[in-house]
Amino acid sequence: MRDSPFDRLAPFIQEYIYRHKWRRLRDIQAAAIPAILDGRDHILICSATASGKTEAALLPILTQLHEDPPSSIGVLYIGPLKALINDQFARLDHLLEVSDIPAQSWHGDVAQSKKQRFLRRARGILQITPESLEAMLMRRHHELGRLFGDLRYVVIDEAHAFIGTDRGVQVICQLERLARLQEKPARRFGLSATLGEPQLAMDWLRGRSPLPVARIDSRQSSSIQLGLEYFLRPGSERKSHASTPEWQSDDSLLANDDDYYSHIYAMSQRERKTLIFANSRGAVENIGLNLRRIASRKRQTGIYHVHHGSIAAPLRESAEAAMKAESQPACVAATVTLELGIDLGQLDQVLQVDAAPSVASFVQRLGRSGRREGAASRLFFYSTECQNQAKHFGEDIPWNLLQTLASVQLYLEEKWIEPPKLQRLPLSLLYHQTMSALYAHAGLRPPRLAQQVLSLSPFQHVRGEQYQALLRHLLEIEHLERDERGRLMIGVGAEKLVNDYRFYAVFRAEEEYRVRHRSREIGTIQAAPQIDATLVLAGYVWRVLTVDEARRVIDVARARGPQIPPWRGNGVPIHGRVMRKMRQILLSDNDFHFIGKRAKKRLAIARSAAQRTGLAEQSILPLAPGRFLLFPWVGTPALNTLCLLLRQAGLGLKQNAPYFVIVETGAESREELTSALQSLRHSPPAASELAEQAAPEALLIGKYDEFAPEALLREAYSVDQLDIPGALDCIGQLRADAMPGESEREPPPA
């Protein structure tokens, strides 16, 4: 065995490393090279963003392909985003330019001529999205042996983006379907920077493969620089100065939108390359629009860009190119589309507007900066709050600020990241993989279909009678039909659905309108606006000229003035660990060295109010006779379950997820209410009974759930969406917090 990991790499890779003046291999690369070259296991590679994970997998893989070329596609690289695949393809193309190993990116934006040329002699590396791989499994079933018969390796990049999602289940189904074609199973390598429970990730990666999963962790660490400031911005629902809390009129906290965006602009001007994250497309557009307006007044055009999934691909690529160009400053406002591993060059700092959707997302975004050797990862938070009338104390707490601090502290103090949640009865995926198998095989007898589908590891908990119930229902609604030989075929009710390219995706994509300016596509929006309405897209305001409903095309012209929000969005579930940390921060006197004066003052006001209203000692506050404010401090699944339990007990409630619940009851005191809750805790309903209380629309979680029978949907809801132990523990905590003498306390402001 040769001495060093570098010496074991193929000559063309060594030459590439010399030519690009790498000072050394990263520690994750040095560890992965012998593990891949000498081992036979699947491997989960865990390392920080920009630590060289992709090269850690690919360098030894390419070495083995160079020494022993496969007779088919040898490497399947699966990425979650087309942009990430494009970026990795460009990097790989440079590495392979002096080798004889072909590589091809494959997704909806790649020309058919390139795909066909690659397929004629399918070798080397195929970089693909799950959706394009699904299309290949369905439409090229009879070619799969030739294409993948000698598949050696599967690389799943940004694995955390798949685990616990329908796409992640889809990927494992795809790999297990491909494994049926191979005499020797392909090794799988998962790459991730943010995994809450690595063992769950390892179990997911393995599926039903006979190979075990090893794990490689990086020992490298980098310094972190954090900052946080708070802005109280004008709201849209102010009624009168007298009806709002006094602190909302505090000049030291209040900032108009010009001050707010000017502060972000000034921060972006401190460094050459800045990436700004916001949690919605509308917020990203408003940031880009206002920064461009300020820059225009200062004659600094061409610096600011926007990037999200509804922006046309050429404009997104232009933003990425501006960030990579070393000769000019650039700033991009983005959603999750730039959270993953797209190489943006030497990024100086990251700004995050409002709390990141999760701790995992915060860690990913933090890791986008600090890529220069010795440089710190720099992230500055902007926590915002609207100056609206607060109806009660629950609406007067700076939840966004608390969630930001909780996410930061959970990671810095404990290195904690949310674990993935795996479904036991994924009905949407079960429908999808059933129809995919029937399409690929042009029909199957029921026993053969059940063997093909239920042998896939994501469906290991699906019982035979449950699958029979689904198939009977699909026959009733004509999504399936039987031929004269007893085979199940795709029925007339599903033909249009399955033959549409959108079927390959297991996530919902709303119908959208393409927006054009002088025949140039700008992007897409969800709803058709009125003629002469204005909207913001790609960081500019546009006036609507025409709307072609049949072709779903909108023509626009540049404009000024107010704009409509062209997208809708849903809230992101919050983990119970984050909620408990938020409570701890609110009720403590801990100081945070990285937060600014405004944030310190707002946190102090909230802490003082928590003491004054009694929230420091108890989680049930009276609002009015028979009306109470509950602070459960639990995650979203437990909170939703609690609300179902309360309805089951006959209590009227108004839910403001994910932070508090308002209960209306005949109880006159907190003790009466907690006594009723304790009775509910001692005699809770079964999960199946509780699922009966869920509204029908709440059952439709997956893209294809609407095609499953309601009884099966309620069964899936009971096992995958309810958290009865968490809700009952919450009731126990509410009871334990209850103390006599609430009449002596000052009631929360109404």
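Heads up: the structure comes first, above all this text.
This text gives an overview of the structure that appears in the document. It should be emphasised that the depicted structure is a prediction, and the values quoted were computed from it without experimental measurement. (Residues numbered from 1 in each chain as written. Predicted model: local features only at pLDDT ≥ 70, side-chain atom pairs only at ≥ 80, totals over all residues. Heavy atoms only, no water.)

### Re the pattern of salt bridges
Test applied: Salt bridges are defined as contacts in which a side-chain nitrogen from Lys or Arg sits within 4 Å of a carboxyl oxygen from Asp or Glu. Helix and strand assignments follow DSSP, with helices taken as H or I runs no shorter than four residues and strands as E runs no shorter than two, numbered in order from the N terminus. Using a 1.4 Å probe on the protein chains alone, a residue whose accessible area is under 20% of its type maximum counts as buried, one over 50% counts as exposed, and one in between counts as partly exposed.
Per the stated rule, a full pass over the model turns up 35 salt bridges. In this structure, Arg-167 engages Glu-131 in a salt bridge whose closest nitrogen and oxygen atoms are separated by 2.9 Å. Separated by 36 residues along the polypeptide, Arg-167 in helix α8 (residues 166-179) and Glu-131 in helix α6 (residues 130-139) bring together distant segments of the chain. According to the relative accessible area criterion, Glu-131 is buried, its value standing at 14%. A salt bridge links Arg-514 to Glu-521, with the nearest nitrogen and oxygen atoms 3.5 Å apart. In this structure Arg-514 comes out as partly exposed when scored by relative accessible area, which is 32%.

### Observations concerning the pairing of strand β8 (residues 224-234)
Looking along a regular strand, one sees the side chains alternate between the two faces of the sheet. Definition in use: Whether two strands pair depends on DSSP finding at least two bridges between them.
Taking burial as the measure, the 11 residues of β8 include 8 buried ones, the bulk of the element. Here β8 pairs with strand β13 (residues 377-387) via 11 bridges, running parallel. Its bridge partner lying in β13, Ile-224 is registered against Ser-377.

### Comments concerning the packing of helix α22 (residues 670-682) against helix α25 (residues 724-737)
Inclusion rule: In this description, a line fitted to the C-alpha atoms serves as the axis of each element, helices being fitted only across the stretch in contact, and the angle between N-to-C directions of two axes falls anywhere from 0 to 180 degrees. Roughly parallel means an angle under 35 degrees; roughly antiparallel means over 145; roughly perpendicular covers 65 to 115; every other angle is labelled oblique. Crossing handedness follows the turn of the near helix against the far one: under a right angle anticlockwise gives a left-handed crossing, and clockwise gives a right-handed one. In this analysis, two residues are considered to be in contact whenever any of their non-hydrogen atoms come within 4.5 Å of each other. Each residue gets one of three labels, nonpolar for Ala, Val, Leu, Ile, Met, Phe, Trp, Tyr, Cys and Pro, charged for Asp, Glu, Lys and Arg, and polar for the others, Gly among them.
At a minimum axis distance of 9 Å, the contact between α22 and α25 shows a crossing angle of 150°. Put simply, α22 runs roughly antiparallel to α25. The handedness of the crossing between α22 and α25 comes out as left-handed. The residues of α25 that touch α22, namely those facing Thr-674, Leu-677, Gln-678, Leu-680 and Arg-681, are Leu-728, Ile-731, Gly-732, Leu-734 and Arg-735. Looking at side-chain class alone, the contact of α22 with α25 contains 5 nonpolar, 3 polar and 2 charged residues.

### Here we look at the sheet that holds strand β5 (residues 153-156)
Consider a sheet: its strands pair through backbone hydrogen bonds, and that pairing is either parallel or antiparallel. With parallel pairing, 7 strands are arranged side by side in an open sheet as β3-β4-β2-β5-β6-β1-β7. Each edge of the open sheet carries a strand with a single partner, namely β3 (103-106) and β7 (213-217). Pairs of neighbouring strands in the sheet enclose a mean axial angle of 15°, with direction left out of account. Examined bridge by bridge, strand β2 (residues 73-78) and strand β4 (residues 124-128) share 5 bridges and lie parallel to one another.

### Quick look at the sheet that holds strand β16 (residues 513-517)
In spatial order, the strands read β17-β16-β20-β19-β18; together these 5 strands make up an open sheet with mixed pairing. Of all the strands in the sheet, just β17 (520-525) and β18 (534-537) have a single pairing partner and so form its edges. For this sheet, the mean inter-axis angle between neighbouring strands, taken without regard to orientation, is 40°. With 5 bridges joining them, β16 and β17 adopt antiparallel strand pairing. Across the sheet, the residue bridging to Val-515 is Gly-523, located in β17.

This is a description of form; function is not addressed.
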